[in-house]
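Listed here are the chains, written in short residue letters.
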Amino acid sequence: MVTFSCETVNLPQANTIISTAASLAATAVLIGTLATDFIPEQVQSFFSTRTKRISKSLSSQLTVVIDEFNGLTPNHMFEASNVYLGTKVSPSTRRIKANKNIKDNHISLCIDVAEEIVDYFDGVKLTWVLKSCSNVTNEGSSKKKRGNGSGLEKLEMRSYELRFNKKHKDMVITRYLRHVLQEAKKIKQSSKEIKLHTVDYNGTDYWSCINLDHPATFDKIAMDPNVKRDLIEDLERFISRREYYRRVGKAWKRGYLLYGPPGTGKSSLVAAMANYLKFDVYDLDLKEVMCNSDLRRLLIGAASKSILVIEDIDCSVELPNRDATEDGAKAVDDDKVTLSALLNFIDGLWSTCGDERIIVFTTNHKDRLDPALLRPGRMDVQIHMSYCTFSGFKLLAANYLEINDDPLFKVIEELFDKAQATAAEVAGELMKSNDPAAALQGLASFLKDRIRDDMRL
């Protein structure tokens with residue numbers, strides 16, 4: 001048998017507890033005052049430092065500091081953290097900043113100073129805090145500055161503090177920070193505003209740019225479905241083979257030649273490629289380039305992850321023959337753009353300036369091109385942009401008229417077997433009326449007229 005006994009415990013009165021606490025507090029204040037007055041500062045500093053060290057050694061928290069700048073060089077890890085944390089804003093976040101470039105449509109978010117963001121990776125809690133401090137410095141620094149009304153400048157120093165349990169140090173350094181870099185890259189690529197760059201000799205690198213708002217996509221391009229599929233697969237294979245190109249010792253670039261009659265969609269295909277890859281487009285008009293040295297500067301100024309387009313290469317500029325002129329003299333005049341300089345960029349030493357580049361030549365007359373341009377390794381893929389087919393017409397009808405079938409389709413299919421019309425001509429006819437029946441009838445009449453004209457010839 002188990003028995004329990006109870007004793008009466010006399011608890012102290014509330015007044016007694018308050019009085020005791022007050023006495024202890026007064027004693028602590030007195031001891032602190034005496035220590036300040038009679039213990040030397042060196043001794044106080046020693047004990048304070050030792051206390052802090054002991055406290056830190058007993059703490060399980062580790063902090064990684066990510067400064068905005070490494071000297072005068074921007075810290076890519078800070079920029080990536082800024083982008084990554086902008087997607088981690090939660091309802092509990094109290095202050096965020098919204099940024100928008102005047103040339104962009106996208107609004108980016110980032111956290112404000114002293115704001116805390118909690119992230120989880122593989123079940124580990126990670127806490128981010130943005131810190132900021134100001135230092136007075138001389139003028140001329142490239143970092144963010146604010147004038148203070150004197151000859152000096154107030155320099156804003158920003159950094160992220162990443163806090164976590166120190167037992168996860170290896171995981172954070174080797175995996176989590178790489179995860180942040182990779183995710184930031186994906187976020188920037190998905191929200192990237194595609195730019196169209198054109199030659200501008202007033203610019204620092206001879207280029208100026210505007211937003212490329214071309215709506216072309218592969219779903220809307222009226223071209224042979226098999227050719228389209230092969231092109232998409234080739235583009236995906238190219239952008240995924242960074243290590244492959246390094247291993248085989250080749251520049252990471254790809255050359256495409258688009259050839260065919262005017263109006264077959266060559267320019268629209270370039271826009272679709274840019275929209276698909278999220279690559280900027282550099283439109284190089286060789287007629288505007290004064291000499292080989294300017295050509296080199298323009299090509300070097302083109303960024304990686306871009307598409308360099310040289311349209312109508314057969315007639316954009318008269319490229320002198322590489323070997324010799326008619327009288328045997330070497331054609332090395334630097335006052336002109338030569339074929340040698342162009343070829344040297346395509347697969348010579350200059351081709352290694354920049355990664356993940358696509359070069360697109362377009363022409364209406366492939367037979368007029370110098371064979372040197374068509375050599376494997378320069379134009380890797382040659383795509384014939386032919387006249388519109390019936391399958392291409394059905395795609396255009398779905399896009400322009402929002403219909404997938406109609407009794408007139410059979411008539412138009414028979415007419416396409418006899419008539420040659422470009423995708424631009426077909427699209428132009430479909431745009432003439434909002435009434436699908438009227439638009440199809442107009443296209444049928446156009447194709448019949450084309451057949452009669454061809455028969456007269």
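Each remark here, short or long, concerns the structure printed above.
Computed from a predicted structure; not experimentally measured.

Novice: Describe the sheet that holds strand β15 (residues 357–363), with residues and values.
Specialist: On the basis of which strands lie adjacent, the open sheet formed by seven strands has the order β11-β10-β13-β14-β15-β12-β16 and mixed pairing. Where the open sheet ends on each side, the last strands, each with one partner, are β11 (207–211) and β16 (381–384). Taking the axes of each pair of neighbouring strands and ignoring which way they run, one obtains an average angle of 20° across the sheet. Pairing geometry for strand β10 (residues 195–199) and strand β13 (residues 280–283), over three bridges, is parallel. By the bridge assignment, L196 is partnered in β13 with V281. The sheet strands contacting helix α7 (residues 266–277) are β12 (253–259), β13, β14 (306–310) and β15, and the helix crosses β15 at an angle near 170°.

Novice: Please set out helix α13 (residues 436–456) residue by residue, giving values where relevant.
Specialist: With 21 residues, α13 ought to run about 30 Å at 1.5 Å a step, and its terminal C-alpha atoms sit 31 Å apart, in line with that. Within α13 the residues assigned to the buried category are A439, L440, L443, A444, F446, L447, R450 and I451. All buried residues of α13 project into a common sector of 160° when viewed along the axis, lining one side. Residues of α13 that are exposed and point over 90 degrees away from its buried face: M455 and R456. Contact partners of the buried residues in α13: α10 (390–400), α11 (408–416) and α12 (423–430).

Novice: Provide a residue-level description of the pattern of salt bridges, including the pertinent values.
Specialist: Summed over the entire model, instances satisfying the criterion amount to 19 salt bridges. E183 is paired through a salt bridge with K186; the nearest N and O atoms lie 3.7 Å apart. On the criterion of helical spacing, the pair formed by E183 and K186 is a turn pair, its members being three residues apart in helix α4 (residues 169–190). Looking at E183, the relative accessible area reads 25%, which means it is partly exposed. In this structure, D234 and R254 form a salt bridge, with 2.8 Å as the shortest nitrogen-oxygen distance.

Definitions and cut-offs
Residues numbered from 1 in each chain as written. Predicted model: local features only at pLDDT ≥ 70, side-chain atom pairs only at ≥ 80, totals over all residues. Heavy atoms only, no water. Pairing = 2+ DSSP bridges. Helix = DSSP H or I, 4+ residues; strand = E, 2+ residues; numbered from the N terminus. Axes fitted to C-alpha atoms, helices over the stretch in contact; angles between N-to-C directions. Contact = heavy atoms within 4.5 Å. Expected span 1.5 Å × (residues − 1). Buried < 20%, exposed > 50% of the residue type's maximum accessible area, 1.4 Å probe, protein only. Arc of directions from axis to C-beta. Salt bridge = Lys/Arg side-chain N within 4 Å of Asp/Glu carboxyl O.

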